[in-house]
Amino acid sequence: MDRRNFIKSTACASLAYSAFAIPAPRQNKKYTTALIGSGWWGGNILQFALEAGESRLVAVCDVDQNQLDTAIANAGKLSSDRPKRYTDYRELLAQEKPEIVIVATPDHWHPLITVAAVEAGAHVYVEKPISHTINEGKAMVKAARQHDRIVQVGTHRRVSPHNMSGMEFLKSGKAGKIGMVRAFVHYPGGPGETVPNSEPPAGLDWDMWCGPAPLVPYNEKIHPKGFRQFLDFANGQIGDWGIHWLDQILWWTEEKAPRSVHSVAARHIKEDNTTAPDTQVVNYEFEDFTAVWEHRQFAGNEAEKHNIGCYFYGTEGTFHMGWLDGWTFYPSNKDKQIIHEEPQLHEPDQQNIRELWANFLSSIKTGKKPVCDIEIGYHSTNMSLLGMLSHKLGRSVRWDWEKGEIPNDPEANKLLTRAYRSPWDYPIV
Ligand SMILES: NC(=O)c1ccc[n+]([C@@H]2O[C@H](COP(=O)([O-])OP(=O)(O)OC[C@H]3O[C@@H](n4cnc5c(N)ncnc54)[C@H](O)[C@@H]3O)[C@@H](O)[C@H]2O)c1
């Protein structure tokens, strides 16, 4: 970037930050809180939940004792709470009846656990993407509303100071009229290596880990963390990373959803035992603009300046909404200054969970919908899921968001649901 043409707009950022200040603590009583899914990200959420000082950690649940041990040991450094250990979330919910449940399992478990938690009376902080198929998401929204519980989705970029000020910039029209948005993640990678299946490690209940998804042989590439690239449990890069950036598009536009979606995806480079596409392009037709998702898991470098985020293409210039690189506006008129804002992220892993948790607590107290309400998470998750659905069908699909269906297309509508493995029942819509 040309340093002479560089304006750093920090005033805007601190304003945005104050909108998510920690609310006043509840007098005398902490919320009984449970964590279900105590791996990498569950540990991060728990850290900020405990730091907020309004939770008493009553229980932690994981189907892998090793993950459970680590999470409980880490929680012990942050509070004097003595959480009970569970390996079955149904027992935890029945016995503890927690007021707050954090759901940070792999994606294929989010729907059943979230629905069970709100039915048991808990407010829920559930990770993105909310579901593996679209009708699961519908059931989650319905359950949250029926039981009148707050359900916050972990799309913390909606409370990141630079994303908030960037949205203000875009919505105020400073980038002009926007006709196209391109969301993308281009990370480096190669063919990868196939890891043979093996016996599950001691302490891991692999059958329960697979749960409603097909029971496949254990493979250390799947667990922990690797499920993202296996289509039985998740939806690849667009399901994992895509939702964050597709969510930014829905945040910016007044439209609820695209009218039609067409995806082309393939495994051009990968030769390992993962199953998700390493290359994917999705075109989304909105009424007022065209959106594109693009990922590839190779050739990630500085050749295209930014390798992650969204470009909003407007009549006044190109606006890049990024992550570690904040946001940058490149005016069309070369005589005008480039405008840039740095991010304000927290360690570990450069996120804004603290602000999202504060908003969650505030919603629990006021009853107001949270900033990443489940219905918002539903529409954003659907952007990813519709892309995968079109890829699986090999053709474009239309989308009626009000009905939550693909009009006059029984073949496509079948993919809004998937068969669950016994004894698990697909959540009722
Ligand atoms: N918002 C974000 O920026 C962000 C970042 C990272 C991960 N995530 C999301 O967090 C979720 C977890 O990802 P991760 O990287 O922490 O994965 P992980 O593999 O590290 O942790 C998931 C844990 O859930 C456990 N688990 C599986 N089935 C369970 C069940 N039925 N009951 C209880 N525990 C169960 C696993 O054993 C594992 O310990 C994913 O949905 C992911 O998309 C969100």
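Refer to the structure presented above.
In this report, we go over the structure that sits alongside the text.

Our focus in this paragraph is the layout of surface pockets. Its boundaries defined by the atoms lining it, the largest pocket holds a volume of some 900 Å³. Forming the walls of the largest pocket are 47 residues, and the residues nearest its centre are Trp40, Trp41, Lys225, Phe227 and Arg228. Contributing elements (two or more residues each) for the lining of the largest pocket: α2 (40-51), α5 (110-119), α8 (206-210) and α9 (236-252). The element contributing the most residues to the lining of the largest pocket is α9, with four residues. Grouping the constituent residues of the lining of the largest pocket by class yields 19 nonpolar, 17 polar and 11 charged. Residue-level mapping places the lining of the largest pocket at the junction of two domains, with at least three residues from each of domain 1 (21-157 + 361-373) and domain 2 (161-349 + 376-416). Space inside the second largest pocket adds up to approximately 300 Å³. As for the second largest pocket, its lining consists of 16 residues, of which Leu112, Val115, Glu119, Pro427 and Ile428 are closest to the centre. Those elements giving two or more residues to the lining of the second largest pocket turn out to be α4 (89-96), α5 and α6 (134-146). Class assignment for the residues of the lining of the second largest pocket results in 10 nonpolar, two polar and four charged.

Another point: the side chain of Asn382. Take Asn382: it is sitting in helix α11 (residues 374-393). Looking at Asn382, the relative accessible area reads 2%, which means it is buried. If we ignore the near neighbours within four places in the chain, the residues touching Asn382 are Ile134 and Trp399.

Applying the stated rule across the entire model yields 19 salt bridges. Note that Asp373 is salt-bridged to Arg145, the shortest N-O span being 2.5 Å. With Asp373 in the loop between α10 (353-366) and α11 and Arg145 in helix α6, this residue pair connects regions lying 228 residues apart in the sequence. Here the residues in one salt-bridge network are Lys128, Arg228 and Asp240, joined through shared partners.

Tracing the backbone shows Thr417 in the segment after α12 (410-413). Classification of Thr417 by relative accessible area gives partly exposed; the value is 30%. Setting aside chain neighbours within four positions, we find Thr417 in contact with Thr133, Asn135 and Tyr426.

Near the ligand there are 29 residues, and of these Trp41, Asp62, Gln67, Asp107 and Lys225 occur at the shortest range. Within the backbone of Trp40, a nitrogen or oxygen atom sits 3.0 Å from an oxygen atom of the ligand. Gln67 is positioned with one of its side-chain polar atoms (N or O) 2.8 Å from an oxygen atom of the ligand. Alone, the ligand offers 850 Å² of accessible surface; in the complex the protein occludes 97% of this. When each cavity is represented as a set of grid points, the ligand is found to reside in the largest pocket. A per-class count over the shell around the ligand returns 12 nonpolar, nine polar and eight charged.

Here the focus is the pairing of strand β3 (residues 55-61). For β3, the tally of buried residues reaches six of seven residues, placing the bulk of the element in the interior. Here strand β2 (residues 31-36) pairs with β3 via six bridges, running parallel. Along β3, the bridge assignment pairs Thr32 with Arg56. By the bridge criterion, three bridges tie β3 to strand β4 (residues 84-86) in an arrangement that is parallel. Directly across from Cys61, in β4, lies its bridge partner Tyr86.

Rules and cut-offs
- In this numbering scheme, every chain counts its residues from 1 along its sequence in written order.
- Whole-chain, interface and lining totals are the exception, using all residues; otherwise, since this is a predicted model, local features are given only for residues with pLDDT of at least 70 and side-chain atom pairs are given and counted only at 80 or more.
- Only hydrogens and water are removed before side-chain values are computed, so all heavy atoms of the structure are retained for them.
- Grid points spaced at 1 Å over the protein atoms alone were grouped into cavities, where a 1.4 Å probe fits but cannot get out, and pockets, open sets with protein on both sides within 12 Å along at least five of seven lines, with lining residues defined by an atom within 4 Å of a point.
- Grid points are joined across faces, edges and corners, and a volume is the space filled by probe spheres set on the points.
- Strands are runs of DSSP state E lasting at least 2 residues, helices are runs of H or I lasting at least 4, and numbering of each runs from the N terminus.
- All residues other than Ala, Val, Leu, Ile, Met, Phe, Trp, Tyr, Cys, Pro, Asp, Glu, Lys and Arg, Gly among them, are scored as polar; the first ten of these are nonpolar and the last four charged.
- Domain extents, as shown, originate in an automatic or database domain assignment.
- Any residue under 20% of the maximum accessible area for its type is buried, any over 50% is exposed, and the rest in between are partly exposed; the area is computed with a 1.4 Å probe on protein chains only.
- We call two residues in contact whenever any of their non-hydrogen atoms come within 4.5 Å of each other.
- For this analysis, a salt bridge means a side-chain nitrogen from Lys or Arg found within 4 Å of a carboxyl oxygen belonging to Asp or Glu.
- For this purpose, a residue is taken to be near a molecule or strand whenever a single non-hydrogen atom of the residue falls within 4 Å of it.
- Think of a polar contact as two N or O atoms within 3.5 Å of one another; within protein, one of them needs to be a possible hydrogen donor and the other a possible acceptor, and neighboring residues in sequence only count if both atoms come from side chains.
- Note that accessible areas follow from Shrake-Rupley with a 1.4 Å probe, and for residues the cover is restricted to the protein chains shown.
- Cavities and pockets are treated as containing a molecule whenever more than half of the molecule's atoms lie within 2 Å of their grid points.
- Whether two strands pair comes down to DSSP finding at least two bridges between them.

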